[in-house]
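Structure at a glance
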Amino acid sequence: MPFRLLGFAADEDKASNLCGGTFARYAASGAEVTLVCAAARGRSTTDQLPLARQLGAGNLVLLDYELGELDAAGLADVFADVIRSVRPHVVVVEGSHAVVRDAATSAFSTVRRAAGGSAALPAKLYLRPSGVLAGVAVTTAIAVGATPELFVRVVPNPWVTGVLERDLFAGLAADPTTADTLAERLAS
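Description of the structure in this document. (Residues numbered from 1 in each chain as written. Predicted model: local features only at pLDDT ≥ 70, side-chain atom pairs only at ≥ 80, totals over all residues. Heavy atoms only, no water.)

With that settled, consider the overall build of the chain. For the chain, the helix and strand inventory stands at 6 helices and 7 strands. Secondary structure of the chain in N-to-C order comes out as β-α-α-β-α-β-α-β-α-β-β-β-α. Within the chain, buried positions represent 44% of all 188 residues. A separation of at least 24 residues holds for 76% of the contacts in the chain among residues at least 6 apart in sequence. (Helix = DSSP H or I, 4+ residues; strand = E, 2+ residues; numbered from the N terminus. Buried < 20%, exposed > 50% of the residue type's maximum accessible area, 1.4 Å probe, protein only. Contact = heavy atoms within 4.5 Å.)

As a further point, take the packing of helix 1 (residues 12-19) against helix 3 (residues 45-55). Contact geometry of helix 1 with helix 3 gives a least axis separation of 10 Å together with a crossing angle of 15°. One way to sum up the angle between helix 1 and helix 3 is to call them roughly parallel. Like other packed secondary-structure pairs, helix 1 and helix 3 cross with a definite hand, here right-handed. Residues E12, A15, S16 and C19 of helix 1 lie in contact with helix 3, whose contacting residues are Q48, L51 and L55. In the contact of helix 1 with helix 3, the residues fall into 4 nonpolar, 2 polar and 1 charged. (Axes fitted to C-alpha atoms, helices over the stretch in contact; angles between N-to-C directions. Parallel < 35°, antiparallel > 145°, perpendicular 65-115°, else oblique. Left-handed = near helix turned anticlockwise from the far one by under 90°. Nonpolar A, V, L, I, M, F, W, Y, C, P; charged D, E, K, R; others polar.)

A word on helix 3. If you check which residues of helix 3 are buried, you get Q48, A52 and L55. Each buried residue of helix 3 sits inside an arc of 55° when the element is viewed along its axis, so together they form one side. Residues T46, P50 and Q54 are exposed on helix 3 and point more than 90 degrees away from its buried face. Remark: G56 follows helix 3 within two positions and exhibits a positive phi of approximately 100°. (Arc of directions from axis to C-beta.)

Written out as structure tokens, the structure is:
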């Protein structure tokens, strides 16, 4: 059973910042990668699929919102449904849009609490900061190309070891008890 990685971005422009080369690297190693773009009204999956594949996302979810319509409370419920369906090991959120960041964090906590706490999936939540990282405690650096892509682990917290992680899935075991595909999980 492959690891599952779920990414949330405000729109397809922010998705490239979120994914960078990291998602493609994990997809190439066999991880099931799903990307959600919240503000994708008017976009078609057919048109966006080549970009998603280039970024490493095998599965693409486009939500029917405009950027100005996004609100954390409404999105949190939608994101929680996606998290329950995908059952990712790791969730990564593109951090430049506060509404998407807050909604994903809330959804992650809701699903994790309902699933039984710290031993449940999803196991980790990361933020992919955008822009300047002043005052942000980077916990993870993924080597892709000449410049590593930086992430901040939000859950589990605190970051006790102080050792820079080099793998988003570090310390996690694949879930061999669940062999159904994403299509089967979404249909149920």
